[in-house]
Structures are given as structure tokens and as C-alpha cells.
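Chain residues, written in single-letter form:
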Amino acid sequence: MDSVQQLIADWDGEFVVTSFDADTGSWIFIAIHDTTLGPALGGLRMNTYPTEADGLRDAMRLAEGMTHKWAALGLPRGGGKSVVAAPRKLTGDTRCKLLHRYGRTVASLRGTYACGPDLGSTPDDMRTINDETEHAHGWDHRRNQPLDPGPYTALGVFVGMRASLRQVFGGDDFGGRTVLIQGVGDVGIPLARQLSTAGATLALTDIDEARATQLATELGASVVPPEAAYAHPCDIYAPCAVGATLNATTIPQLTCRIVAGSANNQLAEVADGTRLHGRGILYAPDYVINAGGAAALPALSAGSDEATVTERVRGIEHTLDEIFAEAREHDEAPATTARRRVERILAEGRAGRR
Ligand code: PHE
């Protein structure tokens, strides 16, 4: 198993800022992957991990994902992400103190990195962090209300599913199509509502089965136990929780024609993109289809109006149309096409800086 030192030594990112909060026994990791295109912006994940090295590994992988996401969006931002690896779920004063400490760490970077909500952190947490630094997006102080990227990420996934349906079935009607949503949280819930309105048949799964059941009752959806999710018959599988759900074990079980969801780092390894392609499953690259929140958050913080922000998020549909068309032309996995686009944009950025 890798140590924290080994992970840092092996990483191709720029740097990692680390501190330890003795009061709670939590590790703070801020991983800055690539600032070629601009200062880093990426969410704060608060979670428990088997070891602190697992937390760091997650931060590094997620930071790299953000580099790809900003490049694919064509926005002048760099890839970075934070992980606060706490020994247990923290609430109240304890959480607040830890967030202040984290905020001071972000502040010390003086704008090289800014954070926002991600799994395990909320717009309200961003408001707390704003006590220490302006470089946290997620709370609208003028209107005193949350700026939640979740519904925008959901909208991006929804329009991305339409592009995927056209590619595979020749039409983008959700009627008669079954979508399996894995994880009904900040993104999964608004996504499920939108799909339900569009006429899709929904199957929901969540490690918290009560959550899945509650939403399923509201929407007339079915609930699938987590262990049965991969083999569950569906047209679209939408991973909307943790990463690495697409791997050598799960891919052979899939019955879907499309994988299109909001989770970051859906592929356990690069080869899984090709594995999906080999099985005839269309994969909408995660950092493209889940970029709605990233597209929206800085714009909302800057006070852009709703229509402008929504329009930007809807652009994901066109980007995916292009990627799918190019992938088809080259008979390659869309993950390969998307990666080439990102590398080209980063190379142009590097050339521009010289
Ligand atoms: N955490 C979400 C994501 O990975 C939303 C987000 C985007 C948060 C950009 C902060 C910055 O896309």
C-alpha cells in the first residue's frame, strides 16, 4: 500500500498542501494538479477513508479530473480538489472549527486555489469557510442564499443523456427508456425528477436504501438493492455517487447501452473506457457530462443571470455530440476522444504561456 510520501513522489500534479487537525484527528489535503489554464478551482470532499493515504489519493485523482473538466469546458481554470479525511462524520461546533481551519489553509494559497461544494460538503459549509477566505464558492452573500451546483450538474447530465440516446438509438425520446440512477443525493435527486418529467422509467439505488425508497415513492420508480445495480436491466446506467464504479468486475455485468452519470472518476482505470467500448456500451466521459456544476458555479458567484448560466450548462449537449461523432469516425472509445481534446487544449495553454 502506498504511503502519503510515495503518492506525492509518484504524482504528476503540481503540489499538495497538507495539514492535520489534532482536535478532530482529520487530515486536510489540497491537491493542485495543473494551473496551466488558470488558478485552480474544485470542490471540497469531506469523507471518512480507511487511511489518510486513501484520502490523499482521492484528492489527487479528483484534482486531475478537474483539470480535464475545465479544459473540456474551455474555461480559464486549473484543476484542484480538497479532501478533508475525518475519522467520523462531524457536525455542529466541531465541524465548524475544522472548516475554519480548512478555510485558513485555503486563504494561505491567496487565490491559487478556490473551493466549492462536493460530496460531503454543502453550500452552508462554504458560507462558514467564507469567514476565513473569499476563495470558497457556494453561498450568495448578497441574497443570503445557497448557490448549489447540484441541480446544474443534473441538467448537464440530462442534456448529455439526450446526446447519448441520439447516438445509440437515433432519437432522444426518454419514453420507454429505463434509467438506473446510482446515488440519489444532491445531483441524483434533481436528475431523477427531470427524467421522470421527461417520461423515463426510473430505477433507483443508494447505499442508504431509505433515501432511494422515499424518492422512488414520490416518482413511482423502483428501488434496486446496491449489490444488484450493475446487472439490473436498463438502457442508461447513471453513476451519481462515488467514483471507480466502472471496472473489470462491474463492466461485464452491465446490461445497459449507455453509461451517463454525474460521478467524478467513474472509470477505475483508463483501460475501462476501452472495455466499455468493446462491449458496445457508449460512455459519456464523466468530466464532460458532469461539468454543469463547474460551468455554473463561478458564473453564479459572479452574479450572472440564471438564463446565461443555464445556457452555458446546456452547451454540454453539443460538446458531447461532437465527441461522440469524432469517436465514431475514429472507431474509438469516447473517453479516448475526450482525452485527446483535453490534451490539445492544455498543450495550447502551455504554448501560450511560453
Ligand atoms: N464538486 C462539483 C464538481 O466536481 C461542483 C464543483 C465544481 C464545485 C467546481 C467546485 C468547483 O464538478
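Residues numbered from 1 in each chain as written. Predicted model: local features only at pLDDT ≥ 70, side-chain atom pairs only at ≥ 80, totals over all residues. Heavy atoms only, no water.

Domain annotation for the protein reports domain 1 (4-62 + 80-146) and domain 2 (150-345). Each of domain 1 and domain 2 was reduced to a C-alpha centroid, and the two centroids are 25 Å apart. Each partner contributes residues to the interface: domain 1 has 13 residues there, and domain 2 has 12 residues. Roughly 860 Å² of surface becomes buried between domain 1 and domain 2 when both sides are summed, with 52% attributable to carbon and sulfur atoms. At the boundary of domain 1 and domain 2, one finds 0 salt bridges. (Domains from an automatic or database assignment. Contact = heavy atoms within 4.5 Å. Buried area = accessible area lost by both parts, 1.4 Å probe. Salt bridge = Lys/Arg side-chain N within 4 Å of Asp/Glu carboxyl O.)

Its 20 residues place the ends of helix α12 (residues 334-353) 29 Å apart at the C-alpha level, agreeing with the 28 Å of an ideal helix rising 1.5 Å per residue. Listed as buried for α12 are P334, A335, T337, A338, R341, V342, L346 and G349. Where α12 is buried, its residues touch β2 (26-34), α2 (52-73), α8 (271-278), β14 (282-283), α9 (286-289) and α11 (306-330). (Helix = DSSP H or I, 4+ residues; strand = E, 2+ residues; numbered from the N terminus. Expected span 1.5 Å × (residues − 1). Buried < 20%, exposed > 50% of the residue type's maximum accessible area, 1.4 Å probe, protein only.)

Turning to the sheet that holds strand β10 (residues 201-205), a few remarks are in order. If you trace the 6 strands from one edge of the open sheet to the other, you get β11-β10-β9-β12-β13-β14, paired in parallel fashion. Two strands bound the open sheet, and with one partner strand each, they are β11 (222-223) and β14. Note: strand β9 (residues 178-182) against β10, 5 bridges, orientation parallel. Note on β10: the bridge partner recorded for L180 is A203. (Pairing = 2+ DSSP bridges.)

Within the secondary structure layout, I289 lies in helix α9. Among the residues examined, I289 registers a relative accessible area of 0% and is labelled buried. It is 36 Å that separates the C-alpha atoms of I289 and D93, two residues lying 196 residues apart in sequence. Apart from the residues within four sequence positions on either side, I289 is in contact with T153, G156, V157, G160, M161, A260, G261, A284, I316 and L320.

The subject of this paragraph is the packing of helix α5 (residues 150-169) against α11. Between α5 and α11, whose axes approach to 9 Å, the crossing angle comes to 30 degrees. Between α5 and α11, the crossing angle belongs to the class labelled roughly parallel. Handedness of the α5/α11 crossing: right-handed. Here α5 contributes Y152, L155, G156, V159, G160, R162, A163, S164, R166 and Q167 to the contact with α11, which in turn contributes E306, V309, T310, V313, R314, I316, E317, L320, D321, F324 and R328. In the contact of α5 with α11, the residues fall into 9 nonpolar, 5 polar and 7 charged. (Axes fitted to C-alpha atoms, helices over the stretch in contact; angles between N-to-C directions. Parallel < 35°, antiparallel > 145°, perpendicular 65-115°, else oblique. Left-handed = near helix turned anticlockwise from the far one by under 90°. Nonpolar A, V, L, I, M, F, W, Y, C, P; charged D, E, K, R; others polar.)

Moving on to the site of the ligand. Around the ligand lies a shell of 13 residues, among which K69, K81, P117, D118 and N264 are the nearest. A distance of 2.6 Å separates an oxygen atom of the ligand from a polar atom in the side chain of K69. Between D118 and the ligand, the recorded distance is 2.8 Å, taken from a side-chain N or O atom to a nitrogen atom. Its free accessible area being 310 Å², the ligand has 94% of it covered by the protein chains. Listed by contribution, the elements that provide at least two residues to the shell around the ligand are α2 and α10 (292-301). The dominant element in the shell around the ligand, judged by the number of residues it contributes, is α2, at 3 residues. Class assignment for the residues of the shell around the ligand results in 6 nonpolar, 4 polar and 3 charged. (Near = heavy atom within 4 Å. Polar contact = N/O pair within 3.5 Å; in protein donor to acceptor, adjacent residues only side chain to side chain. Areas by Shrake-Rupley, 256 points an atom, 1.4 Å probe, with all protein chains shown as cover.)

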